[in-house]
Amino acid sequence: MSTVVELLGRELPADRLVVDPEVLASLSHDEAEWAEVGTAAVALRARSESDVQIAVRVAAALGVPLVARGAGTGLSGGANAVDGCIVLDLSQMTSILEIDADNLIARVQPGVVNNDLKAAVAQAGLWYPPDPASAPWSTIGGNVATNAGGLCCLKYGVTRDYVLGLRAVVGGDAGYGTAVPLGRQTSKGVAGYDMTALMVGSEGTLGIVTEVTLRLRPALTGTPRTVVGAFGSLVDAGRAVALTTRRGLIPSALELLDRMCLRAVEDWKHLGIEADAAGLLLARIDTPGDAGEAEARALAETFESAGALWATQSTDALEAEALFEARRLAYPALERLGPVLTEDICVPRSRIPEMLGRIEQIATTHELTISTIAHAGDGNLHPLILTPVGDDAARARAQLGFEEMLDAALGFGGTVTGEHGVGLLKRGGLERELEPGSMSMQRSVRRALDPLGIFNPGKVL
């Protein structure tokens, strides 16, 4: 019987196949260092949709698992290899196929880096809003796979809100290796089931996305305003977020950084950030003119009403940018301190203060070091649990704390994952979140579209 490497080698150039153990291992995992990783049989560095079709056909013929990856910046283990699989590396499919300024759309391959797309459309006076903290490195395909959010999704929405259509190589009744167009290019359209929305956030379990049609917006005008509030406790910062929502204020970004995070970034990058308060709220207002100025004043007043030590509109553009850069660098800065187990819970904004208090209780109960950052404006919290290298007892306590935070979020009416995806780390949490009937429907959809079970098996469900 032919091996998977032999069958792929018959149809693909040898330089696209990776079998070297060290290189293969580097392509076999994402950034979720606590998630298990299997041993792949081979990796394919795809250059085209036809390469992907070949990989899917071979995988189906042999019953071999197929795991797609982009830049590997995920935090849930969704791109981790399983034993004997083909790792399908899409990071070299980097063409921006079209920027249509007349219709405010772009067509791109999945390996295009988020920030590269932003820069390209900016030249046409346009803007692609989704901006995960990994935007300088993460790919559009990966963003689609997890329905990535980011700093400005509070006002402008998440990846799914910008995906009009896509092409995917699928299986099931369509035939394994068949490339199908899904969705549309028009601003409206309700013909048939919304298969595009189903694919967004499916984490490579229903097929392999090879092209994405994205909605764009006109570029913003003017200079955004930054409002900073310092708080004596994270719970007070949470109250400020809840009050912001209650007062109907919608900044384009509202981020939380705790003292540990700020100090970790400063020790690493020396941005000149002072980290005296327990936590900072960073808000960005992009409403132009006098209305934006009034909105910034109202937000600063809201922070003060909620108990801020101080709140002010930043007048130093470099200082404001340094603070937002610190937010984007939070995870790698903390990762330098030791193994990090990353949470991605999301709760109703009115329950943020309670959830932040519960995180502190869990840290105390299990003797854990937890640094909390958040897309606070939409209730998406990222408590990061740090453990000493080689401390198995601390890892065990961290796992307990991780699961307790999931349960707490569900108890507050929230969800176990706001933007990172289920992957491997949240499968148990997903089971607890969804009703049995809902889980059955999801399993039925997956079986219908992938009856052989070759697309990213063991992930999500």
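To be clear, the structure that these remarks concern was listed above.
Because the structure is predicted, anything quoted here is derived from the model rather than measured.

**Digging into the nonpolar core**
Judged by nonpolar contacts, the single largest core of 49 residues is most densely connected at Leu256, Leu281, Phe303, Met355, Ile359, Leu381 and Ile385. Setting aside anything within four residues of it in sequence, one finds Leu281 in contact with Val227, Val228, Gly229, Phe231, Ala237, Ala240, Val241, Leu254, Glu255, Leu256, Phe303 and Ala376.

**Some points on the packing of helix H8 (residues 234-246) against helix H10 (residues 289-305)**
Where H8 contacts H10, the axes come no closer than 8 Å and their chain directions differ by 135 degrees. For the element pair H8 / H10, the angle class is oblique. Read as a crossing pair, H8 and H10 show a hand that is right-handed. Contacts between H8 and H10 involve Ala240, Leu243 and Thr244 from the former and Leu299, Thr302, Phe303 and Ser305 from the latter.

**What about the packing of helix H1 (residues 4-11) against helix H3 (residues 49-62)?**
Between two packed helices, both the angle of their axes relative to each other and the distance between the axes serve to describe the pair. Packing of H1 against H3 leaves a shortest axis separation of 10 Å and a crossing angle of 145 degrees. Relative to H3, H1 is oriented so that their crossing is right-handed. Residue-level contacts link Val4, Leu7, Leu8 and Glu11 of H1 to Ile54, Ala55, Arg57, Val58 and Leu62 of H3. Here the residues of the contact of H1 with H3 sort into 7 nonpolar, no polar and 2 charged.

**Points about a negative patch on the surface**
Side chains of Glu274, Asp276, Asp316 and Glu319 sit close together on the surface and give a patch of like negative charge. By the element assignment, Glu274 lies in the loop between helix H9 (259-269) and strand E14 (279-285). Given the relative accessible area of 64%, Glu274 is considered exposed.

**With respect to the sheet that holds strand E4 (residues 86-89)**
Pairing is mixed in the open sheet, where 4 strands are placed in the order E1-E2-E4-E3. At either margin of the open sheet sits one strand with a lone partner, and together these are strand E1 (17-18) and strand E3 (66-69). When E1 meets strand E2 (residues 42-45), the two strands line up antiparallel, connected through 2 bridges. Counted as the bridge partner of Val18 is Ala43 from E2. Contacts between H3 and the sheet are confined to E2, E3 and E4, with E4 contributing the most and set at about 165 degrees to the helix.

Reading guide: rules and limits
- Residues numbered from 1 in each chain as written.
- Predicted model: local features only at pLDDT ≥ 70, side-chain atom pairs only at ≥ 80, totals over all residues.
- Heavy atoms only, no water.
- Core = buried A, V, L, I, M, F, W, Y, C linked by side-chain atoms within 4.5 Å.
- Buried < 20%, exposed > 50% of the residue type's maximum accessible area, 1.4 Å probe, protein only.
- Contact = heavy atoms within 4.5 Å.
- Axes fitted to C-alpha atoms, helices over the stretch in contact; angles between N-to-C directions.
- Helix = DSSP H or I, 4+ residues; strand = E, 2+ residues; numbered from the N terminus.
- Parallel < 35°, antiparallel > 145°, perpendicular 65-115°, else oblique.
- Left-handed = near helix turned anticlockwise from the far one by under 90°.
- Nonpolar A, V, L, I, M, F, W, Y, C, P; charged D, E, K, R; others polar.
- Patch = residues over 30% accessible without salt bridge, like charges linked within 9 Å, V, L, I, M, F, W, Y side chains within 5 Å.
- Areas by Shrake-Rupley, 256 points an atom, 1.4 Å probe, with all protein chains shown as cover.
- Salt bridge = Lys/Arg side-chain N within 4 Å of Asp/Glu carboxyl O.
- Lys, Arg positive; Asp, Glu negative; His and termini not counted.
- Charge placed at Lys NZ, Arg CZ, Asp CG, Glu CD.
- Pairing = 2+ DSSP bridges.

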